[in-house]
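# A look at the structure
These are the residues of each chain, in order.
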Amino acid sequence: MFLTLPLFAAYSVFLLCFWPQGVMHLSIGWDVSMLCGFSALFLLLTLFALTGRPLPEPFFDGRFFLTLHRWLAWLFVGFVTLHAGGIIWLDPQTLYDLWPSGAPGMQFGAAAALLAVVTPCLALQRVRRGLYATAAMFRRSHALLAMAVLGASVFHVVATRVHVAVWWQVWMCIGVALVACMLPVGERWMLARMPMRRDGRRRRLHTAYLARRLAGVMLCVVVSETVMFVLWRH
């Protein structure tokens, strides 16, 4: 509940800011596909805030936050797949934009989708241990890939100008992405100066199952709010 309510409110503001009333509606399927893309971008921004490091609240062990980060990453990949697959199914001519002569915004979107699939796969335990000699090398590589995904995604959203077309939307989207890139650094600085214990009590252990439940709740919230938003706009 501590994390669900702020994320629910943030997603509502996110949709209202980047999906204005006057946007052209082609069909319900098109709107759902587009909203899946915006949901994927929102989850990507959430991953920069919930990086897997233990936070002051909730006062759970590190496995909770690591599991939550992992499940949110796969939800992000799922929404990217629904967004790209839905657009291609509704408008197969979109594939022509992926050629060298196509629109740069669509090409960056395809690159972001590809990196969005590769990045979580490289973080799998067996792959990670085989590719990276140290944990520090993995963290640097993972952070760079994540920022590449975010940068390509923002360029895709801004350059295609389907929904984010007004100047304040463009700068808000860029600003939110820049803040998200700085969040892990600020989070690391804050956690290094906070005590591991609070009032003599330890963090609650064996909470990975709560992270899975929270990811499921967030999925239900995003899906239900997206459906209500589409029905309201139509």
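Since the structure is predicted, the reported quantities are computational estimates derived from the model, not experimental observations.

### Description of the layout of surface pockets
Roughly 1200 Å³ of internal volume is contained in the largest pocket. Sorting the residues of the lining of the largest pocket by element identifies helix 2 (28-49), helix 3 (62-90), helix 4 (104-122), helix 5 (125-131), helix 6 (135-160) and helix 7 (167-192) as the ones contributing at least two each. Counting residues per element, the lining of the largest pocket draws most heavily on helix 6, at nine residues. Residue classes in the lining of the largest pocket are distributed as 21 nonpolar, seven polar and seven charged. As a volume, the second largest pocket reaches approximately 740 Å³. Forming the boundary of the second largest pocket are 32 residues, of which H83, A84, M106, G109 and H156 lie nearest the centre. Secondary structure elements with two or more residues in the lining of the second largest pocket: helix 2, helix 3, helix 4 and helix 6. It is helix 2 that contributes the most residues to the lining of the second largest pocket, seven residues altogether. Split into classes, the residues belonging to the lining of the second largest pocket amount to 22 nonpolar, eight polar and two charged.

### Quick word on the side chain of S39
With respect to the helices, strands and loops of the structure, S39 is situated in helix 2. On the basis of relative accessible area, S39 is assigned to the buried category, the value being 1%. Those residues in contact with S39 that lie beyond four places of it in its chain are Y11, F79, V222 and T226.

### Observations regarding the environment of L72
Looking at where L72 falls in the secondary structure, it is placed in helix 3. For L72, a relative accessible area of 0% puts it in the buried group. For the pair formed by L72 and A40, sequence separation is 32 residues and the distance between their alpha carbons is 9.9 Å. Beyond its immediate chain neighbours, meaning those up to four positions away, L72 contacts L43, T46, L47, L50 and M218.

### Things to note about the packing of helix 3 against helix 4
Between helix 3 and helix 4, the least distance of the axes is 10 Å, while the angle of their chain directions is 155 degrees. On the basis of their axis angle, the class for helix 3 and helix 4 is roughly antiparallel. For the pair helix 3 and helix 4, the sense of crossing is left-handed. Across the interface between the two elements, W74, F76, V77 and V80 from helix 3 touch A113, A116, V117, P120 and C121 from helix 4. Broken down by class, the residue content of the contact of helix 3 with helix 4 amounts to nine nonpolar, no polar and no charged.

### A few points about the nonpolar core
With 46 residues, the main nonpolar core has L43, F64, L68, L72, F76 and L150 as its most contacted residues. Elements supplying a minimum of two residues to this core: helix 1 (4-18), helix 2, helix 3, helix 6, helix 7 and helix 8 (208-233). When residues of this core are assigned to their parent elements, the largest contribution, 11 residues, is made by helix 2.

### Considering the packing of aromatic side chains
The full count for this structure, using the stated rule, is three aromatic pairs. An angle of 45 degrees between the planes, with centres 4.4 Å apart, marks the rings of F108 and F155 as tilted. Taken together, the residues span a long stretch of sequence, with F108 in helix 4 and F155 in helix 6 at a distance of 47 residues. With relative accessibility at 36%, the residue F155 sits in the partly exposed group. Here R128 stacks its cationic end above the ring of F138, 5.3 Å away from the centre of that ring.

### With respect to helix 6
Between the first and last C-alpha of helix 6 there are 37 Å, a value that for 26 residues agrees with the 38 Å anticipated at 1.5 Å per step. Considered for burial, the residues of helix 6 that qualify are F138, S141, L145, A146, V149, L150, A152, S153, V154, H156, V157 and V158. Phi for R161, located one or two positions after helix 6, is positive at around 55 degrees.

### A short note on a nonpolar patch on the surface
The grouping of V166, W167, W168, W171, M172 and V176 at the surface amounts to a nonpolar patch, some 640 Å² of accessible area in total. Looking at where M172 falls in the secondary structure, it is placed in helix 7. Residue classification places M172 among the partly exposed positions, given a relative accessible area of 32%.

Procedures and definitions
- Residues numbered from 1 in each chain as written.
- Predicted model: local features only at pLDDT ≥ 70, side-chain atom pairs only at ≥ 80, totals over all residues.
- Heavy atoms only, no water.
- 1 Å grid on protein atoms, 1.4 Å probe; cavity = no way out; pocket = protein on both sides within 12 Å on 5 of 7 lines; lining within 4 Å.
- Points joined across faces, edges and corners; volume = space filled by probe spheres on them.
- Helix = DSSP H or I, 4+ residues; strand = E, 2+ residues; numbered from the N terminus.
- Nonpolar A, V, L, I, M, F, W, Y, C, P; charged D, E, K, R; others polar.
- Buried < 20%, exposed > 50% of the residue type's maximum accessible area, 1.4 Å probe, protein only.
- Contact = heavy atoms within 4.5 Å.
- Axes fitted to C-alpha atoms, helices over the stretch in contact; angles between N-to-C directions.
- Parallel < 35°, antiparallel > 145°, perpendicular 65-115°, else oblique.
- Left-handed = near helix turned anticlockwise from the far one by under 90°.
- Core = buried A, V, L, I, M, F, W, Y, C linked by side-chain atoms within 4.5 Å.
- Phe/Tyr/Trp six-rings, centres within 6.5 Å; stacked < 30°, edge-to-face > 60°.
- Lys NZ or Arg CZ within 6 Å of the ring centre and 35° of its normal.
- Expected span 1.5 Å × (residues − 1).
- Patch = residues over 30% accessible without salt bridge, like charges linked within 9 Å, V, L, I, M, F, W, Y side chains within 5 Å.
- Areas by Shrake-Rupley, 256 points an atom, 1.4 Å probe, with all protein chains shown as cover.
- Salt bridge = Lys/Arg side-chain N within 4 Å of Asp/Glu carboxyl O.

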